[in-house]
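Residue-level structural notes
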Amino acid sequence: MRALAQLFRALADETRLEMLALVSAHGELCVCDLEQVLRISQSKSSRHLRYLKNAGLLDDRRAGLWVHYRIAPGLDPERKAILTALKRVLTGGRTAELEKRFEAWSRRKASAAERCKTDPVRRTAHR
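Residues numbered from 1 in each chain as written. Predicted model: local features only at pLDDT ≥ 70, side-chain atom pairs only at ≥ 80, totals over all residues. Heavy atoms only, no water.

Things to note about the packing of helix H2 (residues 14-26) against helix H6 (residues 96-110)
What counts is decided by this rule: The axes are straight lines fitted to the C-alpha atoms, using for helices just the contacting stretch, and the angles between their N-to-C directions are given from 0 to 180°. Strands are runs of DSSP state E lasting at least 2 residues, helices are runs of H or I lasting at least 4, and numbering of each runs from the N terminus. When an angle is under 35 degrees it counts as roughly parallel; over 145 it counts as roughly antiparallel; between 65 and 115 it counts as roughly perpendicular; any other value is oblique. Each helix crossing is assigned a hand: it is left-handed if the near helix lies turned anticlockwise from the far helix by less than a right angle, otherwise right-handed if that turn is clockwise. Residue contacts are counted whenever heavy atoms from the two residues lie within 4.5 Å of one another.
Between H2 and H6, the least distance of the axes is 11 Å, while the angle of their chain directions is 60 degrees. Taken together, the axes of H2 and H6 are oblique relative to one another. The chirality of how H2 crosses H6 is right-handed. In contact with Glu18, Ala21, Leu22, Ala25 and His26 of H2, H6 contributes Leu98, Glu99, Phe102 and Glu103.

Below you can see the structure in the form of structure tokens.
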């Protein structure tokens, strides 16, 4: 029961639901993508992503300085059922604005006009 309660607590937040909607719709996303689309700080995104990971919903992968998140593979039947239901609910009007922001961010990022704020490739050491 404790794990199930933790799972529902993880789903009881608008930001975390938005994160799940984005990751479910787009597969693996960098934390910088979530920060830009949701217009939240690094500390807030990290806190919410950790909550979702601890609830067993997300898995992460480090790539240099960046962490990428995806739906956890091998979900148990309860988590699979809940995520399936969320995918049906988090569509259309509920996520239209979120998708517009994601597409705008993706275009800016692809055109190299804007990158993640601390692009690991461009960092230089100060001597």
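Let's talk about helix H4 (residues 42-54)
Each turn of an α-helix holds 3.6 residues, which means side chains three or four residues apart point in the same direction. For clarity, the threshold we go by: What a helix is expected to span follows from its residue count: subtract one and scale by 1.5 Å. Here's how the labels work: a residue is buried when its accessible area is under 20% of the maximum for its type, exposed when over 50%, partly exposed in between, all with a 1.4 Å probe on protein chains only. Here the arc refers to the directions that run from the helix axis out to each C-beta atom.
Its 13 residues place the ends of H4 18 Å apart at the C-alpha level, agreeing with the 18 Å of an ideal helix rising 1.5 Å per residue. Taken together, the buried positions of H4 are occupied by Ser45, His48, Leu49 and Leu52. Down the axis of H4, the buried set is contained in an arc of 100 degrees. They therefore lie on one face. If you follow the buried residues of H4, they end up packed against helix H1 (2-10), H2, helix H3 (31-38), strand E2 (58-63) and strand E3 (66-71). Phi turns positive, to about 80 degrees, at Gly56, one or two residues after H4.

Thoughts on the sheet that holds E3
By definition, the strands of a sheet pair up through backbone hydrogen bonds, in either a parallel or an antiparallel sense. Condition: Only strands joined by at least two bridges in the DSSP assignment are considered to pair.
Taken in spatial order, the three strands of this open sheet run E1-E3-E2, and their pairing is antiparallel. Every other strand in the sheet has two partners, leaving strand E1 (29-30) and E2 as the edge strands with one partner each. Summarising the sheet, E2 and E3 pair through six bridges and their orientation is antiparallel. Paired with Asp59 across the bridge in E3 is Arg70.

What about the environment of Ala21?
Locating Ala21 in the fold gives a position in helix H2. Classification of Ala21 by relative accessible area gives buried; the value is 12%. Linking Ala21 and Leu83, residues 62 residues apart in sequence, is a C-alpha distance of 9.5 Å. The contacts of Ala21, once residues within four sequence positions are left out, are Leu90, Thr95 and Leu98.

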